[in-house]
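Fold and geometry: a report
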Amino acid sequence: MKENALLENISRHVFLTPKEISVFESFWKEKTLKKGDSLLRNGEVCRYDSYVISGALKAFYINAENGNEEILFFAVDDWWASDLDSFTKQKPSIYNIQAIEDTKVLQIGYHSFQKLLLEIPALERYFRLILESYLGALQKRIIYSNIYDAEYRYYDFLKTYPNIVSKVPQYLIASYLGVSAEFISRIRKKNNPS
């Protein structure tokens with residue numbers, strides 16, 4: 001299994017003893033998704049929290065008014081991909097998570113996750129820190145959407161998430177930023193005339 005990447009991520013935040021690491025490894029299952037495969041579909045209950053070993057995923061919903069795919073977030077190597085509300089409350093998801101490229105994830109089921117937190121209390125702190133980071137990024141996105149123009153948001157995205165930019169097509173980044181792909185092409189052309 002490929003828990004090493006996940007354990008390295010965890011070790012940046014909390015210390016686990018060798019015994020805790022052994023217990024930890026028994027909880028995870030690896031899953032492979034081909035490009036276009038769904039990790040989660042709208043209306044399904046999110047039964048697993050997923051850590052991306054390699055690949056790229058997009059979370060999106062379909063706008064009922066115009067049929068457009070609205071990007072909520074991306075998850076690439078060393079990121080988490082889940083519908084937190086659906087996973088924690090075990091209720092149907094309101095969005096989809098799909099592989100943008102071939103992707104490998106480590107997964108833990110809801111009940112196993114609860115048991116893992118009881119068996120290794122240090123992981124409560126780890127997952128709290130991950131959640132705080134996620135909420136901070138979400139807060140920044142809301143504020144930036146209300147204050148800054150699209151060009152500023154685009155360049156901030158490039159600077160903040162270079163690992164996403166290298167894996168995700170421009171039209172999906174445009175959707176995430178709430179602009180057209182043509183708008184991003186114009187920004188790029190304006191700043192890189194050839």
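Here, every reference points to the structure presented above.
Numbering of residues starts from 1 in every chain and runs along the sequence as written. Reporting in this predicted model follows two pLDDT cut-offs: at least 70 for local features of residues, and 80 or more for side-chain atom pairs to be given and counted; totals over whole chains, interfaces and linings ignore these cut-offs and use all residues. Values shown for side chains rest on all heavy atoms present in the structure; no hydrogens or waters enter the calculation.

1. Notes on the environment of Ala 59
The residue Ala 59 is located in strand S4 (residues 56-62) in this model. Measuring from C-alpha to C-alpha, the distance between Ala 59 and Asp 83 comes to 8.7 Å, with 24 residues separating the pair along the chain. Residue contacts are defined here by distance: any two heavy atoms, one from each residue, within 4.5 Å place the two residues in contact. Contact partners of Ala 59, with chain neighbours within four places excluded, come to Glu 70, Ile 71, Leu 72, Phe 73, Tyr 95, Asn 96 and Ile 97. Only runs of H or I of at least four residues qualify as helices and only runs of E of at least two qualify as strands under DSSP, and these elements are numbered from the N terminus.

2. Quick look at helix H8 (residues 170-177)
H8 sits mainly inside the fold: six of its eight residues count as buried. Next to the buried residues of H8 lie S4, strand S5 (69-76), helix H5 (122-147), helix H6 (150-160), helix H7 (162-165) and helix H9 (181-191). Using a 1.4 Å probe on the protein chains alone, a residue whose accessible area is under 20% of its type maximum counts as buried, one over 50% counts as exposed, and one in between counts as partly exposed.

3. Some words on the sheet that holds strand S3 (residues 48-54)
When DSSP finds two or more bridges between a pair of strands, those strands are recorded as paired. A sheet is described by the order of its strands in space; here four strands give the open sequence S1-S8-S3-S6, paired in antiparallel fashion. Each end of this open sheet is capped by a strand with a single partner; those strands are strand S1 (29-33) and strand S6 (80-81). Relative to strand S8 (residues 103-109), S1 is paired through five bridges, and the arrangement is antiparallel. The partner of Leu 33 across the bridge, within S8, is Thr 103.

4. Remarks on the environment of Lys 104
Summarising the element assignment, Lys 104 is placed in strand S8. On the accessibility criterion, Lys 104 (30% relative accessible area) is partly exposed. Lys 104 sits 49 residues away from Gly 55 along the chain, and the two C-alpha atoms are 6.4 Å apart. Apart from the residues lying within four places of it in its own chain, the contact partners of Lys 104 are Glu 30, Lys 31, Thr 32, Tyr 51, Val 52, Ile 53 and Ser 54.

5. What to know about the nonpolar core
Residues belong to one nonpolar core when they are buried, are Ala, Val, Leu, Ile, Met, Phe, Trp, Tyr or Cys, and are joined through side-chain atoms within 4.5 Å. Counting residues in hydrophobic clusters, the biggest one holds 36 residues, and the most contacted among them are Leu 6, Phe 24, Trp 28, Leu 57 and Leu 123. Of all hydrophobic cores here, the second largest spans 18 residues; its members include Ala 56, Phe 60, Tyr 161 and Ala 174.

6. Looking at the packing of helix H4 (residues 110-119) against H5
Packing of H4 against H5 leaves a shortest axis separation of 6 Å and a crossing angle of 120°. Of the possible angle classes, the one that applies to H4 and H5 is oblique. Between H4, through Phe 113, Leu 116 and Leu 117, and H5, the contact on the second element is made entirely by Leu 123, Glu 124 and Phe 127. In terms of residue class, the contact of H4 with H5 is made up of five nonpolar, no polar and one charged. Working convention: axes come from line fits to C-alpha atoms, limited for helices to the stretch in contact. Angles between N-to-C directions cover 0 to 180 degrees. An angle counts as roughly parallel when it lies under 35 degrees, as roughly antiparallel when it exceeds 145, as roughly perpendicular when it falls between 65 and 115, and as oblique in every other case. Here the nonpolar group is Ala, Val, Leu, Ile, Met, Phe, Trp, Tyr, Cys and Pro; Asp, Glu, Lys and Arg are the charged ones; every other residue, Gly included, is treated as polar.

7. Here we look at the side chain of Asp 156
For Asp 156, the position within the fold is in helix H6. Residue class for Asp 156 comes out buried when judged on its relative accessible area of 12%. Aside from chain neighbours lying at most four places away, what touches Asp 156 is Lys 140 and Tyr 144.

8. Re the pattern of salt bridges
The salt bridge definition used is simple: a Lys or Arg side-chain nitrogen within 4 Å of an Asp or Glu carboxyl oxygen. This model, assessed by the stated rule, comprises ten salt bridges. When the shortest N-O distance is used, the salt bridge between Asp 78 and Arg 12 registers 2.7 Å. Of the two residues, Asp 78 is situated in the loop between S5 and S6 and Arg 12 in the loop between helix H1 (3-11) and helix H2 (18-25); the sequence distance between them amounts to 66 residues. With a relative accessible area of 52%, Arg 12 lands in the exposed category. Residue Lys 167 pairs with Asp 77 through a salt bridge whose shortest N-O separation is 3.3 Å. Placement of Lys 167 in the loop between H7 and H8 and of Asp 77 in the loop between S5 and S6 is noted, with a sequence separation of 90 residues between them. Accessibility expressed as a relative area gives 24% for Lys 167, which makes it partly exposed. For Asp 77, a relative accessible area of 31% puts it in the partly exposed group.

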